[in-house]
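Examination of the molecular architecture
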Amino acid sequence: MSKQNLKPPRGTRDLFPEDQRFREWLFGHFREVAARFGFEEVDAPIVEHAELFMRKAGEEIVDQLYHFELHGRHLALRPEMTPSIARMVMARAGGLRMPLRWFTVTQNWRYERMTRGRKREHYQWNMDIYGEPGVTAEAELIAAITSLVDAVGLERDHVKIRINSRSLLEASLRAGVLKDRPEAFEPLCVVIDKIDKVGAETVTDMLVDPAGAVGLDAASARDVVAMLEVKNLEDAVAAAPSDSTAGSDLLRLWSLLAAYGVDDRVVFDASVVRGLAYYAGIVFEAFDTRGALRAICGGGRYDRLTEALGGPSIPAAGFGFGDVVIAELLSDMGKLPELAREVDDVVFAFEEAQRPAAIEVATRLRAAGHRVELVLGTPKLKRVISDADKDGVATLWLLGPDEVERGVVMRRRLETGEQSEVALAGFDPEPRA
Ligand code: HAM
């Protein structure tokens, strides 16, 4: 028999206890911030109807789908949460109190070409608002992202959120080069989204490519790419077509963000369009200010998704915040938390004959809410003490033949070395603080 490969499949992760501790810490912050903003947690199956993700705008996410046929059904591991959320909202449409605020912390699968911060499975914290057409929704979402950045201990200037409005670009293009084929707008955004990765020249070539989904002439393609260079809110608003609300929406969003006290943490950037076809309106992505990593999170308004899935039109906005990039950033910044194993008490029987008494002590401590390790086997006391020290254990409970015979247990406080005997009869430990 060939030897078993001990690594998990490429792009996936095993989580050893220290990894799992970090994950729980991060997810705890996701959940805590979401709760502070009044969001409720929901979940959906990781195996979904494949058709939920089959869109035709040339998005990478569709080609990266882990999918399979089973008993005549075409199923897929979800690559993102948004279509499942939309499906759930549609399933209860009419019965939900709008605007609704839902959050999720879920695993997603994408068969990616791997680079730093990009894996084939990742977890995402999503926050989504349905039923609110105004930018008050986007403002809440962006404020929540900044709260998370603060909660995990990053400095205010480590992360900036770049904001744009797809509507600005859309209004200009639909009045101009895409006048006769508005359907090319979504594929165009998917191409533009690659600009950070492949550069302006390649994006121009892709927009011109007659075999591609956009097929612009060279001059129009150059005009489009030039429009992405605007980095100033006032210039963007001035260039917005008069029949569009995109400019006034952006100004209102900025004034709301000022009221939250976070307007210094956002910048306007016309090159942010997002790589998913369903966005329309405000879009945003958070980046580390050094520019060393890919986007930490991304989101925006996607009012047309429920309609595209065959349902009623429901305004929606949200974001997805991955677990991989934030971990890289915390590590780069020296901000990874030190998370020790959490054991309060260790109970040790010197010999098997004292085990029943040790079990009783451990059981009473556990009933009082303590986190207790009952030592298995009978290692040397020195080893028990040194392991307990490493784990930051507060109290050691020792039971030798002499203690049990006298009906006591020896309590040793590890920090001070102080020892005292406690009667086994009526042993009633203090509840864990
Ligand atoms: P997304 O930009 O594809 O958006 O993903 C959001 C975030 O998830 C990214 O910024 C990144 O941090 C993380 N992420 C995505 N793919 C990977 C990967 N292969 N490896 C590691 N991290 C990754 C969405 O998925 C939208 N559904 C977000 C959304 C929610 N929009 C509205 N509501």
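Residues numbered from 1 in each chain as written. Predicted model: local features only at pLDDT ≥ 70, side-chain atom pairs only at ≥ 80, totals over all residues. Heavy atoms only, no water.

In this section: helix α8 (residues 200-208). Within the sequence span of α8, burial applies to Val 203, Thr 204 and Leu 207. Seen along its axis, α8 keeps its buried residues to an arc of 105°; they face one direction. Turned more than 90 degrees from where α8 packs its buried face, Glu 201 and Asp 205 sit exposed. (Buried < 20%, exposed > 50% of the residue type's maximum accessible area, 1.4 Å probe, protein only. Helix = DSSP H or I, 4+ residues; strand = E, 2+ residues; numbered from the N terminus. Arc of directions from axis to C-beta.)

With that settled, the discussion passes to the pairing of strand β12 (residues 345-349). In terms of burial, β12 is largely enclosed, as five of its five residues are buried. Burial along β12 is two-sided: the face carrying Asp 345, Val 347 and Ala 349 and the face carrying Val 346 and Phe 348 are both buried. Pairing of β12 with strand β13 (residues 372-374), which is carried by three bridges, proceeds in the parallel orientation. Within the sheet, the bridge partner assigned to Asp 345 lies in β13 and is Val 372. One crossover worth recording links β12 to the parallel β13 by way of helix α14 (residues 355-367), and it is right-handed. In this structure, β12 lies alongside strand β14 (residues 395-399), joined through five bridges in parallel fashion. Each residue of the ladder has a partner; that of Val 346, found in β14, is Leu 396. (Pairing = 2+ DSSP bridges. Right-handed = clockwise from strand over helix to strand, strands pointing away.)

Close to the ligand lie 27 residues, the nearest being Glu 80, Thr 82, Lys 119, Asp 128 and Tyr 279. For the ligand, a nitrogen atom lies 2.6 Å from a polar atom in the side chain of Thr 82. At a separation of 2.8 Å, an oxygen atom of the ligand approaches a polar side-chain atom of Arg 274. When the ligand is considered free in solution it has 650 Å² of accessible area, and contact with the protein chains removes 97% of it. Here the shell around the ligand is composed, by residue class, of 10 nonpolar, nine polar and eight charged. (Near = heavy atom within 4 Å. Polar contact = N/O pair within 3.5 Å; in protein donor to acceptor, adjacent residues only side chain to side chain. Areas by Shrake-Rupley, 256 points an atom, 1.4 Å probe, with all protein chains shown as cover. Nonpolar A, V, L, I, M, F, W, Y, C, P; charged D, E, K, R; others polar.)

Just geometry here; none of it tells us what the structure is for.
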